[in-house]
Amino acid sequence: MKRTGRNLRRRLRGISRLTDRLSRARHFRGHGVHSPFVYGLVREAFMFHRLRDGEHCLYDALRRVGIFHRRAVQLQNAFLYCGYRTFAICEGKAEPVRTLPDAEFEKGNSTFVIDEGRGLNCAGPYDMVILTRNFPAEDLPAAAARAARTGATLCVMNPYHGSARGEACRRIVREHRSTTVDNRGYLLVFNNHLPKQHFKL
């Protein structure tokens with residue numbers, strides 16, 4: 001094979017992906033995770049491949065907006081593990097805010113709202129705020145700041161979908177004062193008592 005700049009760049013990109021995979025392998029199945037909270041999250045939510053007993057409002061809402069089954073199961077289990085009761089899903093479309101009727105999305109003790117208005121109403125008193133892939137990359141730092149002010153856990157879906165989104169997520173992790181968990185398909189940004197630490201699973 002001819003050694004050109006393009007082939008060299010491709011090989012270097014492969015090496016960078018390998019180092020990323022190796023860093024993630026360190027925390028595979030919870031190994032090397034020294035935070036009891038995150039270890040429990042890995043074992044009870046991410047490694048559990050079916051829905052836990054309890055309400056599944058978040059799972060239903062995530063599937064409704066196009067989130068894959070596996071990711072929706074993980075987030076529903078994480079939602080239950082953390083003891084959360086309220087959530088919002090922000091799609092980031094330039095349309096008016098659409099709130100589903102209360103009867104449709106108040107089941108038991110959980111309430112949620114699907115916000116399609118670029119996340120403007122996602123800073124309410126929610127335990128978890130989920131930003132879908134359609135949420136604009138340039139608005140991610142502001143959404144992270146709002147979540148930090150309200151104490152909500154922020155979940156950014158598809159954190160590496162495009163260079164602008166990837167850079168915005170890396171900036172959030174760098175500047176965040178508490179724990180962040182990168183699970184490839186989404187980035188969890190906790191705003192609670194946990195110390196500053198970052199886990200790549």
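Relevant structure appears above.
Below: a short report on this structure.

**As for the side chain of S35**
Moving on, step 1. Tracing the backbone through its elements, the reader meets S35 in the loop between helix 1 (5-25) and helix 2 (36-46).
Moving on, step 2. Take S35: its relative accessible area is 5%, and that puts it in the buried class.
Moving on, step 3. Dropping the residues within four chain positions of it, S35 is found in contact with Q197 and F199.

**Some words on the nonpolar core**
Moving on, step 1. Of all hydrophobic cores here, the largest spans 33 residues; its most connected members are F46 and L188.
Moving on, step 2. Once you skip the residues sitting within four places of it in the chain, F46 turns out to touch L41, Q74, V181, N183, Y186, L188 and L201.

**Focus: helix 6 (residues 140-150)**
Moving on, step 1. Turning to helix 6, its buried residues number three or more, namely L140, P141, A143, A144 and A147. The buried residues of helix 6 all sit within an arc of 160° when viewed along its axis, so they share a single face.
Moving on, step 2. Tucked into the core, helix 6 has its buried residues touching strand 4 (128-131), strand 5 (153-157) and helix 7 (163-175).
Moving on, step 3. Just beyond helix 6, the residue with positive phi is G151, at close to 80°.

**Considerations on the packing of helix 2 against helix 4 (residues 69-81)**
Between two packed helices, the angle of one axis relative to the other and the distance separating the axes together describe the packing.
Moving on, step 1. Between helix 2 and helix 4, the shortest axis-to-axis distance is 9 Å and the interhelical angle comes to 135°. In terms of orientation, helix 2 and helix 4 fall into the oblique class. Crossing geometry of helix 2 relative to helix 4 is assigned as right-handed. Residue-level inspection shows P36, F37, G40, L41, E44, A45 and F46 of helix 2 in contact with helix 4, the latter providing Q74, N77, A78 and Y81.
Moving on, step 2. Looking at the contact of helix 2 with helix 4 residue by residue, the classes come out as 7 nonpolar, 3 polar and 1 charged.

**A word on the packing of aromatic side chains**
Moving on, step 1. For the coordinates displayed, the defined rule picks out 5 aromatic pairs.
Moving on, step 2. Their ring planes at 45° and their centres at 5.6 Å tell us that F37 and Y81 sit as a pair that is tilted. Separated by 44 residues along the polypeptide, F37 in helix 2 and Y81 in helix 4 bring together distant segments of the chain.
Moving on, step 3. Its relative accessible area of 21% is what places F37 among the partly exposed residues.
Moving on, step 4. Seen from the ring of F48, R52 lies directly overhead, with NZ or CZ sitting 3.4 Å from the centre.

**Quick word on unusual backbone geometry**
Moving on, step 1. Phi is positive for N158, which is not a glycine, with a value near 50°.
Moving on, step 2. In this structure, N158 sits in the loop between strand 5 and helix 7.
Moving on, step 3. Look at R184: it is not a glycine, yet its phi comes out positive at around 65°.
Moving on, step 4. With respect to the helices and strands, R184 occurs in the loop between strand 6 (179-182) and strand 7 (186-189).

**Considering the side chain of R71**
Moving on, step 1. With respect to the helices, strands and loops of the structure, R71 is situated in helix 4.
Moving on, step 2. Here the side chain of R71 touches N183 through a polar contact of 3.5 Å, landing on its backbone oxygen.
Moving on, step 3. Once you skip the residues sitting within four places of it in the chain, R71 turns out to touch M157, N183, R184, G185 and Y186.

Calculation rules
Residues numbered from 1 in each chain as written. Predicted model: local features only at pLDDT ≥ 70, side-chain atom pairs only at ≥ 80, totals over all residues. Heavy atoms only, no water. Helix = DSSP H or I, 4+ residues; strand = E, 2+ residues; numbered from the N terminus. Buried < 20%, exposed > 50% of the residue type's maximum accessible area, 1.4 Å probe, protein only. Contact = heavy atoms within 4.5 Å. Core = buried A, V, L, I, M, F, W, Y, C linked by side-chain atoms within 4.5 Å. Arc of directions from axis to C-beta. Axes fitted to C-alpha atoms, helices over the stretch in contact; angles between N-to-C directions. Parallel < 35°, antiparallel > 145°, perpendicular 65-115°, else oblique. Left-handed = near helix turned anticlockwise from the far one by under 90°. Nonpolar A, V, L, I, M, F, W, Y, C, P; charged D, E, K, R; others polar. Phe/Tyr/Trp six-rings, centres within 6.5 Å; stacked < 30°, edge-to-face > 60°. Lys NZ or Arg CZ within 6 Å of the ring centre and 35° of its normal. Polar contact = N/O pair within 3.5 Å; in protein donor to acceptor, adjacent residues only side chain to side chain.

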